[in-house]
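As a plain string of letters, each chain reads:
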Amino acid sequence: MSQNLDDLRAVGVITGIDQVLSAYRAGLFPMGIGPHGGRPIGWWAPLARGVLRPGQLRVSRSLRRSLKRFTWSVDAAFAEVVAGCADPSRDGAWITPQIAELYAGLHAAGHAHSIEVYEEGALVGGLYGVAFDGVFCGESMFHTRRDASKAALVRLVELLDSADDDTPWIIDTQWQTSHLESLGVSEISGYEYLEALSAARGGHHFQVFQRK
């Protein structure tokens, strides 16, 4: 995860869940500034936003084979997924204890969710993020077995597709990487992202997490 200061909109402190949710709805997300994501907290809105929309997910033949090895759960091990994502050996140092505590609070309040991926009963990958309307703002993903994080994204798309809702959903990946691009994530401008947020407003896709 590399930060571009051109994408930084403000610097401040986190005052509570309502503030953070309002920021997400306005196209912003919190992240520490610097190579280790430490203080102060920055409020970011990339000029080029990575997004995944319905029908864009690319599942390769090899990934389809890998999916057969895994099982999934939803919101069953949120803290463990965040801890896996925070592993500094995989560029997770930006997820500081402050950030982990923030998302634990969002999860307890029903706003942040995780997808867990298992192989032979062991947690081997997952992702977490914030959900509202028809939007899932992905924060991070991890894997300890090949394709496990990709499997988590596949499961997330399946959940969103299963919602009985005609409002278009969108997965926000913040920035596009070569890894995410291979899965179908594309870049749109910040203005287009705000339009997508507006289009997804009123959706109820987040309710699929309550079904688990």
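Provided above is the structure to which this section pertains.
Residues numbered from 1 in each chain as written. Predicted model: local features only at pLDDT ≥ 70, side-chain atom pairs only at ≥ 80, totals over all residues. Heavy atoms only, no water.

Caption draft 1: Structural view of unusual backbone geometry. One non-glycine residue with positive phi stands out, namely D75, at about 60°. The exposure class of D75 is buried, given its relative accessible area of 13%. Not every positive phi belongs to a glycine, and Q174 is a case in point at roughly 70°. A relative accessible area of 4% means that Q174 is categorised as buried. (Buried < 20%, exposed > 50% of the residue type's maximum accessible area, 1.4 Å probe, protein only.)

Caption draft 2: Examining the packing of aromatic side chains more closely. In the structure shown here, the tally under the stated rule is four aromatic pairs. Geometrically, the ring pair formed by W44 and W175 is edge-to-face, given 6.1 Å between the ring centres and 70° between the ring planes. With W44 in strand β3 (residues 41–44) and W175 in the loop between β9 (170–174) and α6 (178–182), the pair connects residues that are 131 residues apart, well separated along the chain. Neither residue differs from the other here; W44 and W175 are each classed as buried. One aromatic cluster is present, built from ring pairs that chain together F29, W44 and W175. The lysine or arginine in question, R49, covers the ring of Y193, its NZ or CZ lying 3.9 Å from the ring centre. (Phe/Tyr/Trp six-rings, centres within 6.5 Å; stacked < 30°, edge-to-face > 60°. Helix = DSSP H or I, 4+ residues; strand = E, 2+ residues; numbered from the N terminus. Lys NZ or Arg CZ within 6 Å of the ring centre and 35° of its normal.)

Caption draft 3: Expanded view of the pattern of salt bridges. The tally for this structure, following the rule as stated, stands at six salt bridges. In this structure, the salt-bridge partner of E119 is R69, at a minimum N-O distance of 3.2 Å. A residue pair is termed long-range when its members are at least 10 positions apart, and E119 in strand β6 (residues 112–119) and R69 in the loop between α2 (61–67) and β5 (71–74) qualify at 50 residues. In this structure E119 comes out as buried when scored by relative accessible area, which is 19%. Here K150 ties to D147 by a salt bridge, and the two come within 3.7 Å at their closest N and O atoms. On the accessibility criterion, D147 (9% relative accessible area) is buried. Through salt bridges with shared partners, a single network forms among R69, E119 and R145. (Salt bridge = Lys/Arg side-chain N within 4 Å of Asp/Glu carboxyl O.)

Caption draft 4: Representation of the sheet that holds strand β1 (residues 8–12) within the structure. If you trace the three strands from one edge of the open sheet to the other, you get β1-β3-β2, paired in antiparallel fashion. Among the strands making up the open sheet, the edge pair consists of β1 and β2 (29–32). On average, each strand axis in the sheet is inclined to that of its neighbour by 35°, with strand direction left out of account. Bridging between β2 and β3 involves four bridges; their strand directions are antiparallel. Looking at β3, one finds that F29 is bridged to W44. (Pairing = 2+ DSSP bridges. Axes fitted to C-alpha atoms, helices over the stretch in contact; angles between N-to-C directions.)

Note that all results are geometric; they support no functional claim without further evidence.
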